[in-house]
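Observations on chain architecture
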Amino acid sequence: MRKLILEEWVSLDGYVADKNGQLDFFTNLTPEQNKYSDSDQLKFLETIDAILLGRKTYELFVDFWPSATTDKEVIADKLNETKKIVFSNTLTNAPWGQWPEADIITGEATAAIKKLKLLTGKNMVMWGSISLAQSLMKENLIDEYHIQLCPSVAAIQTRTYILSIIVDLSEPKSYLQPAYRQAGNKTKISFGTGVTEC
């Protein structure tokens, strides 16, 4: 069965959006700060064949990504050519610039996700989409959590969870990427070379 991976960009103080619901705390990072993240993301995108988005995240993404180019955003072409699915009860179509339109799924998201996970193919990733993600968490439908910890502080409102992480910053990275995997009734947390259960 293919996995559903939730990937969130989180500020140092544990927020996933600023007070206006925007993502400036990580979209304003410089190319130098982003270079390690971009490289890892490009490799990660090779392992998935569908990007899942809620309506609000789709509307944020579609204003930027369809016109992005690889000279400024390394992952632009790979992201744009990957199939996208938008969960919305209000949208009737989801254009993506010159790229293929996103599919729209209406109605009960959890039932749709269960069906998508049974299809053959690579894994799927969900970006942002906090309300949708939280409903899927409650149904135990997230198989893996990727947390991109950004070197900035949002200091406001929207959290998915609070993280307490002690790390070795000897490597010159501008972000951290622990991975959380469901393992029965426990969650396995992979960070660097160590695995912990909680």
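Here, every reference points to the structure presented above.
Rules behind the numbers
- Residues numbered from 1 in each chain as written.
- Predicted model: local features only at pLDDT ≥ 70, side-chain atom pairs only at ≥ 80, totals over all residues.
- Heavy atoms only, no water.
- Helix = DSSP H or I, 4+ residues; strand = E, 2+ residues; numbered from the N terminus.
- Buried < 20%, exposed > 50% of the residue type's maximum accessible area, 1.4 Å probe, protein only.
- Contact = heavy atoms within 4.5 Å.
- Areas by Shrake-Rupley, 256 points an atom, 1.4 Å probe, with all protein chains shown as cover.
- Phe/Tyr/Trp six-rings, centres within 6.5 Å; stacked < 30°, edge-to-face > 60°.
- Lys NZ or Arg CZ within 6 Å of the ring centre and 35° of its normal.
- Pairing = 2+ DSSP bridges.
- Salt bridge = Lys/Arg side-chain N within 4 Å of Asp/Glu carboxyl O.

Take the overall build of the protein next. For the protein, the count of helices and strands is six helices and ten strands. A total of 198 residues make up the protein; the buried ones form 45% of that total. Of the contacts made within the protein by residues no fewer than 6 positions apart, 71% connect residues no fewer than 24 positions apart. Per element, the accessible surface of the protein, about 10,900 Å² overall, is 51% carbon and sulfur.

Below, the discussion takes up the packing of aromatic side chains. Tallied over the full model, the rule gives three aromatic pairs. Both rings, one in F61 and one in W127, keep their centres 6.1 Å apart while their planes meet at 45°; by these two values the pair is tilted. One end of the pair, F61, is in helix α3 (residues 55-62); the other, W127, is in strand β6 (residues 123-127), with 66 residues separating them in the sequence. Each member of the pair, F61 together with W127, is buried. A centroid spacing of 5.0 Å and a plane angle of 80° characterise the contact between F64 and W65, whose relative ring orientation is edge-to-face. The exposure class of F64 is partly exposed, given its relative accessible area of 40%. If you follow K84 out to its NZ or CZ, it ends over the ring of W96, 4.7 Å from the centre.

With that settled, consider unusual backbone geometry. The bulk of non-glycine residues show a negative phi, and the bulk of peptide bonds are trans. We note that S129 has phi near 55°; this positive angle belongs to a residue other than glycine. Relative to the elements of secondary structure, S129 occurs in the loop between β6 and α6 (130-138). Notably, N140 is not glycine yet its phi reads approximately 60°, a positive angle. Relative to the elements of secondary structure, N140 occurs in the loop between α6 and β7 (144-149).

What follows is about the pairing of strand β5 (residues 99-105). Where strand β3 (residues 83-87) lies against β5, three bridges are found, and the strand directions are parallel. Counterpart to V86 in the pairing with β5 is I104. Two strands pair when backbone bridges link them, and strand β4 (residues 94-96) and β5 are joined in this way by two bridges, in the antiparallel orientation. Following the sheet pairing, A94 is matched in β5 by A102. Following β4, the chain reverses through two residues before pairing antiparallel with β5; G97 in that reversal takes a positive phi of roughly 60°.

Moving on, we come to the pattern of salt bridges. This structure, assessed with the given rule, holds seven salt bridges. The closest approach of N and O atoms between E144 and K3, which form a salt bridge, is 3.3 Å. Here E144, found in strand β7, pairs with K3, found in the segment before β1 (4-10); they are 141 residues apart in sequence, far enough to count as distant. The class for E144 is buried, based on a relative accessible area of 5%. What makes K3 partly exposed here is its relative accessible area of 34%. Its salt-bridge partner being K117, residue D143 comes within 2.8 Å of it at the nearest N-O pair. On the criterion of sequence distance, the pair formed by D143 in the loop between α6 and β7 and K117 in helix α5 (residues 109-118) is long-range, its members being 26 residues apart. Judged by relative accessible area, K117 falls into the buried class, the value being 5%. Connected through shared salt-bridge partners, E46, K78 and E81 make up one network.

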